[in-house]
Protein chains: 2
Amino acid sequence: MTANIPLAFHVGPSDGPGREPDAFVPARVPGAVQLDWARAHDWAPWWQGDNFRQYRWMEEKWWTYRAVLPAMTLAPGERPVLVCDGIDYACVVRVDGAEVARHEGMFTPLEVNLGAFAGKECTLDIVILPAPRMPGAPDDRSQARGSAKPAVGYGWDWHPRLVPLGLWRAARIEMRGAGWLPKLQLGYRLAENLSAVTVKLEWEFPSAPPEGRLRYALQDTGGKTVATGEVGASAGRVVGQLTVAEPALWWCRGHGAQALYTARVELVLAGRVTATQTRRVGFRRARMVMNAGAWDRPRDFPKGRSDAPATLELNGRRIFLKGSSWVPPEVFPGLIDGARYAELLRLAGEVNMNFLTSWGGGIVNPDEFYEQCDALGLMVGTDFPLACNNYDAAGEAYLGVLEREARTIIGRVRAHPCNVMWKGGVELFNAWSGMTDQSLPLRLLGKLCYELDRDTPYLATTPLQGMMHGDYRFRDERGDDIFQIFQRVTSRLGTAHCEFGCPGPASVEVLREFIPPEELFPVRAGTAWETHHGLKAWDADPATWLSLSTLEHYFGPTGSLEELVGRGQWLQGEGMRSVFEETRRRWPECAWACNWCFNEPWPAAANNSLVTWPARPKPALALVAAACRPVLASARIPRFDWRPGETFECELWLLNDAPEAAAAGTVEARIVWGDDSRTLLRWEHAAVPAQTNLRGPTARCVLPDGAAESFELCLETPGFPERGSRYRLCCRLVVADGAAPPATRALNL
Amino acid sequence: MTANIPLAFHVGPSDGPGREPDAFVPARVPGAVQLDWARAHDWAPWWQGDNFRQYRWMEEKWWTYRAVLPAMTLAPGERPVLVCDGIDYACVVRVDGAEVARHEGMFTPLEVNLGAFAGKECTLDIVILPAPRMPGAPDDRSQARGSAKPAVGYGWDWHPRLVPLGLWRAARIEMRGAGWLPKLQLGYRLAENLSAVTVKLEWEFPSAPPEGRLRYALQDTGGKTVATGEVGASAGRVVGQLTVAEPALWWCRGHGAQALYTARVELVLAGRVTATQTRRVGFRRARMVMNAGAWDRPRDFPKGRSDAPATLELNGRRIFLKGSSWVPPEVFPGLIDGARYAELLRLAGEVNMNFLTSWGGGIVNPDEFYEQCDALGLMVGTDFPLACNNYDAAGEAYLGVLEREARTIIGRVRAHPCNVMWKGGVELFNAWSGMTDQSLPLRLLGKLCYELDRDTPYLATTPLQGMMHGDYRFRDERGDDIFQIFQRVTSRLGTAHCEFGCPGPASVEVLREFIPPEELFPVRAGTAWETHHGLKAWDADPATWLSLSTLEHYFGPTGSLEELVGRGQWLQGEGMRSVFEETRRRWPECAWACNWCFNEPWPAAANNSLVTWPARPKPALALVAAACRPVLASARIPRFDWRPGETFECELWLLNDAPEAAAAGTVEARIVWGDDSRTLLRWEHAAVPAQTNLRGPTARCVLPDGAAESFELCLETPGFPERGSRYRLCCRLVVADGAAPPATRALNL
């Protein structure tokens, strides 16, 4: 068998499908046409200032990737197959000007047999079509509602308008002969009592029968072979099967080991191994089950349904989901490599999360992502690429593309034990999207998940009845702060908080990287603060995401960039932490806390993200890490801001979501107010059973006089320093005459 | 081709699958083993007294249907096929003692090629298995949760425990040769703008290729051929297609004509027509769309989803669904014939209904039902046979049976334009069932509906978010009456009232038919009043369904059977009517009013049904007919009972759900109180646009003194007598000293 043939591409734009590009530039594959063009023309970084606007024209062009296809000498039965692992988003393939294939969809590889052109050198053109746009849609994300292209590139309240195009995954010529082994598709089914697993291995052989044997084996974590099998290879679908008794189960982090098995396959032709495959797989049972108390509602007649099940049960154990929404770590998906995944996912694990939602506005991540989540014990809920849009009018062609893409995605992801949930998409059953239970794309996705991976839960979308999204602000338009917003949630309204946010600015050194010095301070509209989503980002609230009006409400005017960033990051940290802790306190009535969002694809001036692009933690990340510790002393604090002389109070809790009991201990609550420090109480608590929270006493004290911008509540836990918590709260500045604090001033941008 | 061979069966019980019955009795097919046995033994009617208890042993037996299979002379290529159109519920087929087939499921016909036994006379045994029972389930409907057997026979709050078994549809030997034509399956798809329809005709030919031609044509209502086609017949799946431009659309009654086309098919072999088929079909587009205002909710963060769409849109027009839940009209489905369907469905049409829910606790009705609904313009929502149970633990075998049954059902029903909605089952997402969005049976049904009839809406169940069930009482445990219960519903809580009830007793002459004379009056527990569901029927309220405590609350002690029945029927009529009218007033925020239930399968002593078994209207039916008139004057009355000297008030409305405007007119409100009669006001209203309600003035008056059991509110509509309404309300008896009326006395049974 001949070796694969790499392809060296140049790429160039033109104004029509049949037009020759005026110019070509060298192309990097994987990559994006925009990156190639910018590199060739020495453009300044696209993420600085408003440089991204320069790229706008590119999404309207046809981009021809051109490579020389060398003359090839084929062994008998050999086929030269063009393989593109990822096309963003649609293309026509031509050889010496003749069309040989068309393709649409980012996630299904394109494969084209070029055997007819093997004899002589040819020109291979992969012509990328302009970014899809729904006819008549306004110039925003709704342009994505006619296609399976991830919508985020069309612009979001934290993402610039920049629609990537090109070969975002590798491309090559594969020489395939009789000894070639098609991609292995794995699936498995666990016995009801988890005592055995049946693994199914599938290959789709092309029409020419290889007449060989497929030998396969499964090795456990220690490399020991636990099952073997063999099946004859023939044209069409070939299925092998293995059964393993008492398999080691895969657990999410915090609940057990991440047992991973390895499937090894050999294709044997005439006694010779012609191809091998290795694939990791893990076994777990994931179910969505009803929350505690959920069947008791609704009570009265006329009566609706009970809330949707919102508790993840893994291998029979109910797990509190602590996590975050994963968004694309780059605007250009071709730039994301295994190292970037590693860096970010390691952070997620370190901050005690056990779950990530792979957000449907971005790409469905490649295998590297799922492999690392498997290894780290990070559970994943995977959205299909439908987000905040109505895809109902997209029609038959769209349903065809969606079906092909979904089949590829499910077939690829289902053997990764980390993927515990499929979701049709995000926020589809709300006004701004306008889809419903009757929407054909969602009914189609439900059907495909049932057919291909029915033992993994499928949710049409979130939010659902009981499963909430929002709020995304430290302080809402009623004047309630984030502590109050989440404490007013009744359990009827919150079996899960699948998305909540609290924004904060990037750090000063990051801001300096992309905001021109003259725009840095004071903050003004029409600057990089605005294009980078510090101002007027979210339609629902013009103060997003920098929250200047909120900062002014609590602290009055800001004197410097450093002060602005310090206060903003403080609010984000205490805000995010408060929701994680409040939601955990409501376990088992509430079973899921996932903040919006973990990371970001470019440097936002302010954002709900916990990690600044590319992978720099914001201060809030540490407080989220604290809130997500398996065992911690936690205070239920009624609100963020307090005044001298007021009676401060908070309820003490010992939170434990670990699968083992937390030893008995002591919690000492102390207030630190300027130079003053007072112990409020000492609470000696008994051991706290596994996955149980203990509600303790309410501490109270009259706050001392004397203004300070902040005071601290410290929960000390002698003997268990890892359980201690420290909250920094606001001491509200009071105007000179002791009257009411200043009213919120509307931001006048 | 030889003629079909009828089969004459005897039937007898035995204690095990291989045991010979001790005795046989003549069998009627279609029928039930219980009916055959009772007939042979001259039992008194099963529906009198508690005679049904006599049948209990039968559900635990194996019942052998035995017939002589004569020696058959087969033409070349001919097969003698045993065809059973309906097996209730599972069977083994044996010929001369040798097992030749097994079958499970009521709705998929059983077909067995008996060619191997043609040469000589044989004995054909169809052994019906005992009624399926989920192991370990208590002795109630939960025994049905392991099978696709309709659950109602296991006992319900209006149905005796009597589980029918046997051949409930016809059985025969069909002689099938090359000229035989398999069952036609029809489907169609309307263009988005409704300007054209494509009809797909499908046949599944057995392996022997007939090598003929299939000619088919479509005729319109007038018999004119509007399209023809032809396709070669060959082994396997054969598909023909027709396209018709500007098809006449099928409308529900009240909105247009019931356009029905006829598909005619001929199989032509060697120039000779060997078989023909005729099938009616109609074309309509049915969608579930969002209710007015539903996208505005939820408002606050944290935010769940918007309500599920609950408005039926037919051919682009939103329609208010006025209807009722259809339950089996007989305990034994083999007794239901076309005439019974005709009698009951005619009634439903006459009382201005446009919709029936075919309830999932009973059978999925045969074609006769759907044909008549097509012709009458009665829309149908069809439940699959899952009801108030948790089918999740039923396992793989159950999923296999459910899939086969659902494929049969959908394939058969989808060409009937009347069927505008599929529903996985009834009340599955509530505590008493315990299924969820993740339940595999419902995900499977969703998948199958998408595959086979994706243009018809699929609801997993009702109630859903916004779509309510209940209440089922005139007066609830808080003391609110049905007027108040439904007026306290906010639109958030009621986009649809898919099921609501109000019970009333059967008429005196009906009661005398099945309650022994000595038990008739006074009503006592432990009598036929109780076995026929007058007392302690519904777990949630021991006063059901006779509501003695409610009657006593309003009227004090009852002196006679006639008085009891009169008062009970009065409450049922005014109660049912009030919900239909209140729900209609909330259009377009609310779009669906369906009472529980239309009919009943045996004579209940008291029940929510509007029609007593077999087809005798209760007085409430006339008031429902009044409430469902397209145009009517309606009063929003705050409650049912009033006292002399109180200020009575009611809001006047003109309701119009017709597709055309209602002419301007006058509504005169008048109170009739004993001999007293007063006009309250005259409201001159303008024309009311199509499908619009007009809210008029509030009428008020101080009620006269002088006790009477009732008074009337009359809305007279000069010039439009068909719009007038007359409400009979309660004048609450006041104790002698003018103090508070007597408190509700708990019923002490």
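Analysis parameters
- Residues numbered from 1 in each chain as written.
- Chains lettered and ligands numbered in written order.
- Predicted model: local features only at pLDDT ≥ 70, side-chain atom pairs only at ≥ 80, totals over all residues.
- Heavy atoms only, no water.
- Buried < 20%, exposed > 50% of the residue type's maximum accessible area, 1.4 Å probe, protein only.
- Helix = DSSP H or I, 4+ residues; strand = E, 2+ residues; numbered from the N terminus.
- Contact = heavy atoms within 4.5 Å.
- Buried area = accessible area lost by both parts, 1.4 Å probe.
- Salt bridge = Lys/Arg side-chain N within 4 Å of Asp/Glu carboxyl O.
- Polar contact = N/O pair within 3.5 Å; in protein donor to acceptor, adjacent residues only side chain to side chain.
- Nonpolar A, V, L, I, M, F, W, Y, C, P; charged D, E, K, R; others polar.
- pLDDT = per-residue confidence, 0-100.
- Expected span 1.5 Å × (residues − 1).
- Axes fitted to C-alpha atoms, helices over the stretch in contact; angles between N-to-C directions.
- Parallel < 35°, antiparallel > 145°, perpendicular 65-115°, else oblique.
- Left-handed = near helix turned anticlockwise from the far one by under 90°.
- 1 Å grid on protein atoms, 1.4 Å probe; cavity = no way out; pocket = protein on both sides within 12 Å on 5 of 7 lines; lining within 4 Å.
- Points joined across faces, edges and corners; volume = space filled by probe spheres on them.
- Pairing = 2+ DSSP bridges.

Engineer: I'd like a rundown of helix H9 (residues 548-555) of chain B, residues and numbers included.
Structural biologist: Residues and elements named next belong to chain B. Among the eight residues in H9, seven count as buried, and that is most of the element. Looking at H9, one finds that the buried residues are Leu548, Ser549, Thr550, Leu551, His553, Tyr554 and Phe555. Next to the buried residues of H9 lie helix H10 (561-585), strand E36 (641-642) and strand E42 (725-731).

Engineer: Give a detailed account of the interface of chain B and chain A, specifying residues and quantitative values.
Structural biologist: Contacts between chain B and chain A engage 55 residues on the former and 55 residues on the latter. Carbon and sulfur atoms make up 56% of the surface buried where chain B meets chain A, a total of about 4,300 Å² over both sides. Per-residue buried area on chain B facing chain A is highest for B:Phe301, B:Pro302 and B:Tyr450; these three make up 18% of the total on that side. For the pair chain B and chain A, the interface holds 10 salt bridges. For B:Arg305, the salt bridge identified is with A:Asp437, shortest N-O distance 2.7 Å. If you look at where chain B meets chain A, you find 20 residue pairs in polar contact (both at pLDDT 80 or more). Among the elements of the structure, helix H4 (395-413), helix H5 (440-453), strand E27 (458-459), strand E28 (467-469) and helix H6 (482-487) of chain B are those that each provide at least two residues to the side of chain B that touches chain A. Top contributing element to the side of chain B that touches chain A by residue count: H5(B), with eight residues. When grouped by side-chain class, the residues that make up the side of chain B that touches chain A number 29 nonpolar, 12 polar and 14 charged.

Engineer: Explain the confidence of the model for chain A to me, and be specific about the residues and the numbers.
Structural biologist: Residues and elements named next belong to chain A. On average, residues of chain A score 95 in pLDDT, and 97% of them are at 70 or above. Ignoring residues within four places in sequence, the model shows residues 735-749, a span with pLDDT below 50, making 19 contacts including any to other chains. Reported for the predicted complex are a pTM of 0.96 and an ipTM of 0.96.

Engineer: Go over helix H2 (residues 338-350) of chain A, please, and point to the residues and values.
Structural biologist: Residue and element names in this part refer to chain A. Here H2 spans 18 Å end to end across 13 residues, near enough to the 18 Å set by a 1.5 Å rise per residue. For H2, the set of buried residues is Arg340, Tyr341, Leu344, Leu345, Leu347, Ala348 and Gly349. On its buried side, H2 packs onto strand E23 (321-326), strand E24 (355-358), helix H3 (367-376), strand E33 (611-612), strand E34 (616-617) and helix H11 (619-627). Looking one or two places after H2, you find asparagine 352, whose phi comes out positive at around 70°.

Engineer: Tell me about the packing of H4(B) against H5(B), and please be specific about residues and values.
Structural biologist: Residue and element names in this part refer to chain B. Between H4 and H5, the least distance of the axes is 10 Å, while the angle of their chain directions is 30°. Between H4 and H5, the crossing angle belongs to the class labelled roughly parallel. The handedness of the crossing between H4 and H5 is right-handed. On H5, the residues that touch Tyr398, Leu399, Leu402, Glu403, Ala406, Arg407 and Ile410 of H4 are Leu440, Pro441, Leu444, Leu445, Leu448, Cys449, Glu451, Leu452 and Asp453. Grouping the constituent residues of the contact of H4 with H5 by class yields 12 nonpolar, no polar and four charged.

Engineer: Residues and numbers for unusual backbone geometry, please.
Structural biologist: Of the consecutive residues A:Thr462 and A:Pro463, the connecting peptide bond is found in the cis state with omega at 0°. Structurally, the position occupied by A:Pro463 is in the loop between strand E27 (458-462) and strand E28 (467-469). With omega at 10°, the peptide bond leading from B:Asp88 into B:Tyr89 counts as cis. Tracing the backbone shows B:Tyr89 in the loop between strand E6 (87-88) and strand E7 (90-95). At A:Ala270, a position not held by glycine, the phi torsion is positive, near 50°. If you trace the backbone, A:Ala270 turns up in the loop between strand E18 (261-269) and strand E19 (272-281). A:Ala270 gets classed as exposed once you look at its relative accessible area, which sits at 89%. Phi is positive for A:Glu427, which is not a glycine, with a value near 55°.

Engineer: Let's hear about the environment of A:Asn291: which residues, and what values?
Structural biologist: All names here are of chain A. Among the secondary structure elements, asparagine 291 is positioned in the loop between strand E20 (286-289) and strand E21 (311-314). On the basis of relative accessible area, asparagine 291 is assigned to the buried category, the value being 3%. One polar contact links the side chain of asparagine 291 to the main-chain carbonyl oxygen of threonine 495, over a distance of 2.9 Å.

Engineer: Explain empty space enclosed by the protein to me, using residue names and the numbers behind them.
Structural biologist: Under the counting rule described, the total for this entry stands at 10 cavities of 30 Å³ or more. As a volume, the largest cavity reaches approximately 680 Å³. Looking at the lining of the largest cavity, the elements with two or more residues in it are helix H5 (440-453) and E27 of chain A together with H5 and E27 of chain B.

Engineer: Can you lay out the sheet that holds E27(A) for me, pointing to particular residues and giving the numbers?
Structural biologist: Residues and elements named next belong to chain A. What the eight strands build is an open sheet, ordered E27-E26-E25-E24-E23-E31-E29-E28; its pairing is parallel. Only two strands of the sheet have a single partner each, and these edge strands are E27 and E28. Each neighbouring strand pair of the sheet contributes to a mean axis angle of 25°, computed without reference to strand direction. With four bridges joining them, strand E26 (residues 419-426) and E27 adopt parallel strand pairing. Each bridged residue has a counterpart across the sheet, and for glycine 425 the counterpart in E27 is threonine 461. Sheet contacts for H5: E26 and E27; angle to E27, the most-contacted strand, approximately 150°.

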